[in-house]
Amino acid sequence: METSRRTVIAAAAAAGITAATVGTAHASGGRKPEKEPFGRLADGTKVHRWSLQNGGTRLKVLSYGGIVQSLEIPDRHGRYKNVSLGFDNIDSYVAGSPYFGALIGRYGNRIAKGQFTLDGKSHQLSVNDGVNSLHGGAKGFDKRVWDVEGFTSGSDVGLVLHYTSVDGEMGYPGTLRTKVTYTLTRHGDWRVDYEATTDKATVVNLTSHVYWNLAGEGSGSIYDHELEIAAARYTPVDSGLIPTGELARVAGTPFDFRRTKTVGEDIRVAHQQLLYGKGIDHNWALDKGITAKPQHVATLRDPSSGRTLKIATTEPGLQFYSGNFLDGTLVGTGGHIYRQGDALCLETQHFPDSPNHPSFPSTVLRPGQTYRTSTVHSFGS
């Protein structure tokens with residue numbers, strides 16, 4: 001049964017653990033964000049790491065890619081672990097990160113053949129996933145150094161990240177001015193607010209690519225994690241993981257998470273969609289659709305630790321990726337090798353390849369409009 005942070009604090013106190021040890025000393029007013037060097041890129045650009053703490057959650061973020069390098073939360077006994085995959089040095093992120101913890105843009109997920117037509121004009125994007133464009137191309141927002149400023153506001157703490165993507169970058173039209181705000185609330189929630197404006201009609205789909213393992217980074221498979229997704233339909237894909245355009249019912253398929261089940265329960269069923277993705281790598285069309293305020297869409301729980309993650313969003317879609325391409329070649333922050341199924345991603349978004357599917361919710365942004373979406377991650381144990 002899920003308990004509140006207050007219950008965790010009380011349990012820790014009974015066990016003789018101090019509030020400072022379990023990270024609750026700042027629950028009523030977060031610690032001011034702290035900045036430190038994290039290395040340099042090959043061209044000499046400095047990369048910094050920002051540390052935030054509030055409401056029992058500890059967060060570390062890099063200026064490179066807006067990357068969540070670690071996110072620590074307590075288990076049912078008040079014991080902390082980092083629950084997000086990542087590296088302990090900048091060189092590993094640059095050399096070949098599979099988007100660990102990164103901000104994704106201009107377009108999260110895939111665009112078929114890196115092509116779309118807008119207002120009668122065809123655009124060719126950077127192609128970096130076979131014949132397709134993935135997560136903004138070869139040098140998307142995950143590989144850019146963002147301008148970062150820390151803030152405190154009442155009982156909240158956070159970071160404001162800015163990046164300007166020039167007209168034609170990775171093939172996208174328009175100069176896109178992007179602002180992303182990371183907030184840690186007094187309750188320990190991690191909220192992400194995205195904003196963007198453009199000077200030419202373009203397409204935008206921003207998201208965050210944290211790899212979650214609630215038992216702790218490097219602890220092994222997430223197949224025993226329990227997951228629930230409020231969606232009766234998903235978007236089937238072809239062999240290149242591009243949506244076919246269909247909104248298929250999840251009923252009777254391995255994609256039915258309307259009632260809580262373990263991630264691994266059906267992941268090895270002989271279903272063509274699972275064969276295409278080498279596991280799960282699909283977008284769920286959320287029942288709620290687009291909303292003005294974040295609404296709850298998913299719950300993830302690790303039975304062994306009691307840690308839970310609840311996601312609320314304004315977005316119409318959720319990409320669930322079961323870590324299929326982690327292949328044992330990467331060593332993470334804790335010194336452990338990451339293998340297939342050692343983490344999962346729950347990326348709030350508009351649908352993949354939307355610019356080529358008029359029936360999907362539109363991702364077009366025009367001059368004078370402001371792109372705004374929000375996602376809230378709430379933790380418990």
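Residues numbered from 1 in each chain as written. Predicted model: local features only at pLDDT ≥ 70, side-chain atom pairs only at ≥ 80, totals over all residues. Heavy atoms only, no water.

Help me out: how do you make sense of the side chain of Thr 202 in this one?
Its location among the elements puts Thr 202 in strand E15 (residues 202-203). Since its relative accessible area comes to 0%, Thr 202 is described here as buried. In contact with Thr 202, other than residues within four places in its own chain, are Arg 106, Leu 118, Tyr 172, Pro 173, Leu 176, Thr 363, Val 364 and Leu 365. (Helix = DSSP H or I, 4+ residues; strand = E, 2+ residues; numbered from the N terminus. Buried < 20%, exposed > 50% of the residue type's maximum accessible area, 1.4 Å probe, protein only. Contact = heavy atoms within 4.5 Å.)

Mind showing me how you'd approach the sheet that holds strand E19 (residues 248-249) here?
Across the sheet, five strands lie side by side as E19-E18-E21-E24-E27; this open sheet has antiparallel pairing. Each edge of the open sheet is held by one strand with a lone partner, namely E19 and strand E27 (345-349). (Pairing = 2+ DSSP bridges.)

Would you explain the sheet that holds strand E12 (residues 156-165) in this entry?
Whenever strands of a sheet pair, they do so through backbone hydrogen bonds, lying parallel or antiparallel. Read across the sheet, nine strands follow the order E11-E12-E13-E14-E29-E23-E22-E17-E20 without closing on themselves; strand pairing throughout is antiparallel. The open sheet is flanked by strand E11 (147-153) and strand E20 (261-262), the only strands paired with a single partner. Looking at chain direction, E12 and strand E13 (residues 176-184) are connected through nine bridges and run antiparallel. Bridged to Val 157 within E13 is Leu 184.

Explain the pairing of strand E25 (residues 327-331) to me, please; I cannot follow it from the model alone.
For a regular strand, side chains alternate in direction, first toward one face of the sheet and then toward the other. With three bridges joining them, E25 and strand E26 (residues 337-339) adopt antiparallel strand pairing. Bridge pairing in E26 places Leu 330 opposite Tyr 338.

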